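Breakdown of the fold
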Amino acid sequence: MVHGKRKDSCFIRLEDGYLIVDQQKFAVDQQKFAVDQLREAKEFIQKFDEAILACEGEEELLQLEEFISEMAKLSPEADDSDVQSFYLN
């Protein structure tokens, strides 16, 4: 660990209406986040050096973008309706 961060990557994808974050693509030990859990997802993802969007195609990527945008709409932390990126500070 470096400054509380892991030295590895996590993979982000959608499955059954949840944001899935795992250390290995399609791993058994995964974290699930509902659309109203932006803060929890953000805190978990920040433990890693890198987050990779694990989408199999353009359609899955668009669905993931829509889901993340919906998370931002429901979060009191998000105050900009014009989301330009998915950077988590």
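These numbers were taken from a predicted model, which means no experiment stands behind them.

Basis of the calculations
Along each chain, numbering runs from 1 in the same order as the chain's sequence is written. Restriction of local features to residues with pLDDT of at least 70 applies here, the model being predicted, together with a cutoff of 80 or more for giving and counting side-chain atom pairs; totals for whole chains, interfaces and linings are based on all residues. As a rule here, side-chain values cover all heavy atoms of the structure and leave hydrogens and water aside. One speaks of a salt bridge when a side-chain nitrogen belonging to Lys or Arg is within 4 Å of a carboxyl oxygen belonging to Asp or Glu. Relative accessibility decides the category of a residue: with a 1.4 Å probe and only protein chains considered, values under 20% of the type maximum give buried, values over 50% give exposed, and everything between is partly exposed. When DSSP finds at least two bridges between two strands, those strands are taken to pair. Strands are runs of DSSP state E lasting at least two residues, helices are runs of H or I lasting at least four, and both sets are numbered from the N terminus onward. Here, axes are lines fitted to C-alpha atoms. For helices the fit covers the stretch in contact, and angles between N-to-C directions go from 0 to 180 degrees. The contact rule is simple, with two residues in contact once any of their heavy atoms fall within 4.5 Å. Nonpolar core, defined: a set of buried Ala, Val, Leu, Ile, Met, Phe, Trp, Tyr and Cys residues in which side-chain atoms within 4.5 Å join the residues together. Between the first and last residue of a helix there are one fewer steps than residues, each counted as 1.5 Å, and that sum is the expected span. Of all possible arcs, the one meant is that of the directions from the helix axis to the C-beta atoms.

1. Quick notes on the pattern of salt bridges
The full count for this structure, using the stated rule, is 3 salt bridges. Salt-bridge contacts for R13 lead to E15; the nearest nitrogen and oxygen are separated by 2.6 Å. In this structure R13 comes out as buried when scored by relative accessible area, which is 4%. For the salt bridge of R13 with D22, the shortest nitrogen-to-oxygen distance reads 3.3 Å. When sorted by exposure, R13 lands in the same class as D22, which is buried. Ionic contacts of the salt-bridge type, sharing partners, join the residues R13, E15 and D22 into one network.

2. Here's the deal with the sheet that holds strand β1 (residues 9-15)
Pairing within the open sheet is mixed, and its 4 strands lie in the order β3-β2-β1-β4. A strand with exactly one partner marks an edge of an open sheet, and here the two such strands are β3 (30-33) and β4 (50-53). Geometrically, the sheet is characterised by an average inter-axis angle of 25° between neighbouring strands, direction not taken into account. Here strand β2 (residues 18-22) runs beside β3; their pairing, made up of 4 bridges, is antiparallel. Looking at the pairing, L19 lines up with F33 of β3. Taken strand by strand, helix α1 (residues 38-45) contacts β1, β2, β3 and β4, and its axis lies near 155° from that of β3. Helix α2 (residues 58-74) contacts β1, β2, β3 and β4 of the sheet and is inclined by roughly 90° relative to β1.

3. As for the nonpolar core
Counting residues in hydrophobic clusters, the biggest one holds 14 residues, and the most contacted among them are I12, L19, V21, F33 and M71. At the level of secondary structure, the elements contributing two or more residues to this core comprise β1, β2, α1 and α2.

4. Details of α2
In this model α2 runs 25 Å from its N-terminal to its C-terminal C-alpha over 17 residues, within 8% of the 24 Å that 1.5 Å per residue would give. All buried positions along α2 are accounted for by L64, F67, I68, M71 and A72. End-on, the buried residues of α2 take up no more than an arc of 140°, which puts them together on one face. Every exposed residue of α2 that faces more than 90 degrees away from the buried side is listed here: E58, E59, E66 and K73. Of the surrounding secondary structure, the elements contacted by the buried residues of α2 are β1, β2, β3, α1 and β4.

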